[in-house]
Amino acid sequence: MARRIAAGAAYGGGSIGLLGAAAVGVLLAEVQLAKRHVGGGVAPVPPKADGRYGVAFAGPAEPLRLGLLGDSTAAGLGVRRAGQTPGALLASGLAAVSERPVDLRNVAQPGARSDDLERQVSLLLADPSATPDVCVIMIGANDVTHRIPATQSVRCLTTAVRRLRTAGAEVVVGTCPDLGTIEPVYQPLRWLARRASRQLAAAQTIGAVEQGGRTVSLGDLLGPEFEANPRELFGPDNYHPSAEGYATAAMAVLPTLCAALGLWPDSDRLDGARHENMLPVAKAASQAAKEAGTEVTAARAPWALLKHRRRRRLPAATEPHPEPHPGPDGQETPRSAPTTTKTKADSEGTKRRGERRKEARRTSRDLRAN
């Protein structure tokens, strides 16, 4: 494992190298300047987004279970409504593509580093009857800012991926974002932050793919687009994404999330016109860290598929419905659903639900269209 991670770093250009005393002085000044500006705004506590999405698709099929793990990016820090968080956006999109309800459980913790994944995985797997069908992990930024060795970070990530895969869950990892795009960070600190982020992202890809997971590069995705529109895509604290930023990231992750469950058309067919390829896993990891929204998934060892899936328009943001619980007849009933006789208002509600179901199916067809 360590040898392959080293190979990934070699493909990415090697180590940072030695810095002279003058360069160190400049870097220290840049660090202090960044500290004064990053986090200067007010980032609200991430809204609770757990619950059921895609209720218009309710039917005989069991709802899919989606788990989200990671740091503040996975938690949705920086937005005010549950429907704007990445978990809600992914759950709504997955429901539209699968035409099944999706139950979301988000155990991500703002400020978490990779060593917190052990606790988060234990929370998700505590109830064997509610094991997620698929999990999304977004982690790495705090490892870079706290100078955690990449080998240590990747060891924690691979352990988490292995536990989830052993439990029967598919796993998609959104790799470390490009910290060089944070607006108050200037050169040469920006260059170092970008390099460290990409090297960790490449190492994360190698570790996750070897454990049977898939990865999506968030580095370059949150690079040119965030760099071009920092006021729109960053939140009030100048560090976390805004609602538009989270939607951009969710659009990149959703196709891979669906492909992991066999719900995306031609999920593993290579498209030469889109520069998709089969490469050694270390080289695929390095390339993915440099290109927006690139997916890496395992092929026959030591090869991996490098894919650039088409992004689709996400469904309109929705708020979660209360988690259901078994009713007296054993059927799932929302906790807030009263038991009353049918009235004219009930009939109108049924009509509205039918209209929403039709709209949801139209959205599903749009998402799945090539």
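Residues numbered from 1 in each chain as written. Predicted model: local features only at pLDDT ≥ 70, side-chain atom pairs only at ≥ 80, totals over all residues. Heavy atoms only, no water.

### Side note on the sheet that holds strand 5 (residues 170-174)
This is how it is decided: Note on pairing: DSSP must find at least two bridges between two strands before they are called paired. Helix numbering and strand numbering both begin at the N terminus, where a helix is a DSSP run of H or I of at least 4 residues and a strand a DSSP run of E of at least 2. To define axes, lines are fitted to C-alpha atoms, for helices over the stretch in contact only, and angles between the resulting N-to-C directions are given on a 0 to 180 degree scale. We call two residues in contact when some of their heavy atoms are within 4.5 Å.
Taken in spatial order, the nine strands line up as 1-3-2-4-5-6-8-9-7 in an open sheet, and their pairing is mixed. Strands with a single pairing partner mark the edges of an open sheet, and in this sheet they are strand 1 (51-53) and strand 7 (277-280). Ignoring which end each strand starts from, the neighbouring axes of this sheet average 25 degrees apart. Here five bridges tie strand 2 (residues 64-70) to strand 4 (residues 134-138), and the two strands are oriented parallel to one another. Bridging across to strand 4, Leu68 finds its partner in Val136. Helix-sheet contacts for helix 5 (residues 117-124) involve strand 2, strand 3 (102-106) and strand 4, and the interaxial angle to strand 2 is about 160 degrees. Contacts from helix 12 (residues 281-288) reach strand 7, strand 8 (295-298) and strand 9 (303-307), with the element oriented near 115 degrees to strand 7.

### Some thoughts on helix 11 (residues 243-260)
The condition that has to hold: Each helix should span, by expectation, one fewer than its residue count multiplied by 1.5 Å. The term bend refers to the angle at a residue between two fitted axes, each drawn through seven residues, those ending there and those starting there.
In a regular helix each residue adds 1.5 Å, so 18 residues correspond to 26 Å; helix 11 covers 25 Å between its end C-alpha atoms and thus fits that length. At Val253, helix 11 shows its maximal bend, which comes to roughly 30 degrees, and the proline Pro255 appears one to four places after that position. Trailing helix 11 by a residue or two, Gly262 shows a phi angle of about 70 degrees, which is positive.

### Points about the pairing of strand 5
The condition is simple: The rule is simple: take the accessible area with a 1.4 Å probe, protein chains only, and divide by the maximum for that residue type; under 20% is buried, over 50% is exposed, in between is partly exposed.
Burial within strand 5 is extensive, with four of its five residues counted as buried. In this structure, strand 4 lies alongside strand 5, joined through five bridges in parallel fashion. By the bridge assignment for strand 5, Met138 is matched with Gly174.

### Quick look at the environment of Asp50
Quick reminder of the rule: Each polar contact in these results corresponds to two N or O atoms within 3.5 Å; when the atoms are within protein, one needs to be able to donate a hydrogen and the other to accept it, and residues that are neighboring in sequence are counted only if both atoms are side-chain atoms.
Within the secondary structure layout, Asp50 lies in the loop between helix 2 (21-37) and strand 1. For Asp50, a relative accessible area of 18% gives the class buried. On a C-alpha basis, the gap between Asp50 and Gly87 in space is 8.2 Å, while along the polypeptide they are 37 residues apart. Within the structure, the side chain of Asp50 is placed 3.0 Å from the backbone nitrogen of Asn106, a separation counted as a polar contact.

### Topic: the pattern of salt bridges
Here is the rule: Only one rule defines a salt bridge in this text: a Lys or Arg side-chain nitrogen within 4 Å of an Asp or Glu carboxyl oxygen.
Summed over all chains, the structure comprises eight salt bridges. The salt bridge involving Glu170 is made with Arg165; its shortest N-O contact spans 3.7 Å. The partner of Asp178 in a salt bridge is Arg194, with the nearest N and O atoms 2.7 Å apart. Here the residue Asp178 occupies a position in the loop between strand 5 and helix 8 (189-210), and Arg194 occupies one in helix 8, the gap between them amounting to 16 residues. Here Asp178 matches Arg194 in class, with each residue buried.

### Looking at the packing of helix 4 (residues 86-98) against helix 11
This is how the line gets drawn: Convention used here: angles under 35 degrees read as roughly parallel, angles over 145 as roughly antiparallel, angles from 65 to 115 as roughly perpendicular, and any remaining angle as oblique. Throughout, a crossing is termed right-handed when the near helix is turned clockwise from the far one, and left-handed when it is turned anticlockwise from it by less than a right angle.
The geometry of helix 4 relative to helix 11 is characterised by a closest axis approach of 9 Å and an angle of 40 degrees between their N-to-C directions. Taken together, the axes of helix 4 and helix 11 lie oblique to each other. Here helix 4 and helix 11 pass one another in a crossing that is right-handed. Residues Pro86, Leu89, Leu90, Gly93, Leu94 and Val97 of helix 4 touch helix 11, and the partners they reach there are Tyr246, Ala247, Ala250, Val253, Leu254, Leu257 and Cys258.

### A short note on the environment of Thr131
The residue Thr131 is located in the loop between helix 5 and strand 4 in this model. When residues no more than four places from it in sequence are discounted, the contact partners of Thr131 are Arg65, Leu125 and Ala167. Separated by 3.2 Å, the side chain of Thr131 and the backbone oxygen of Pro128 make a polar contact.

### Some remarks on the confidence of the model for the protein chain
Keep this limit in mind: Across the chain, each position has a pLDDT score giving the predictor's confidence in that residue, from 0 to 100.
Residues of the protein chain with pLDDT of at least 70 account for 65%, and the chain-wide mean is 76. This model gives residues 1-43 a pLDDT under 50, and the stretch forms 59 contacts once residues within four places in sequence are excluded. Under a pLDDT of 50 for its full length, residues 325-329 has, in the predicted model, eight contacts with residues more than four places off or in other chains.

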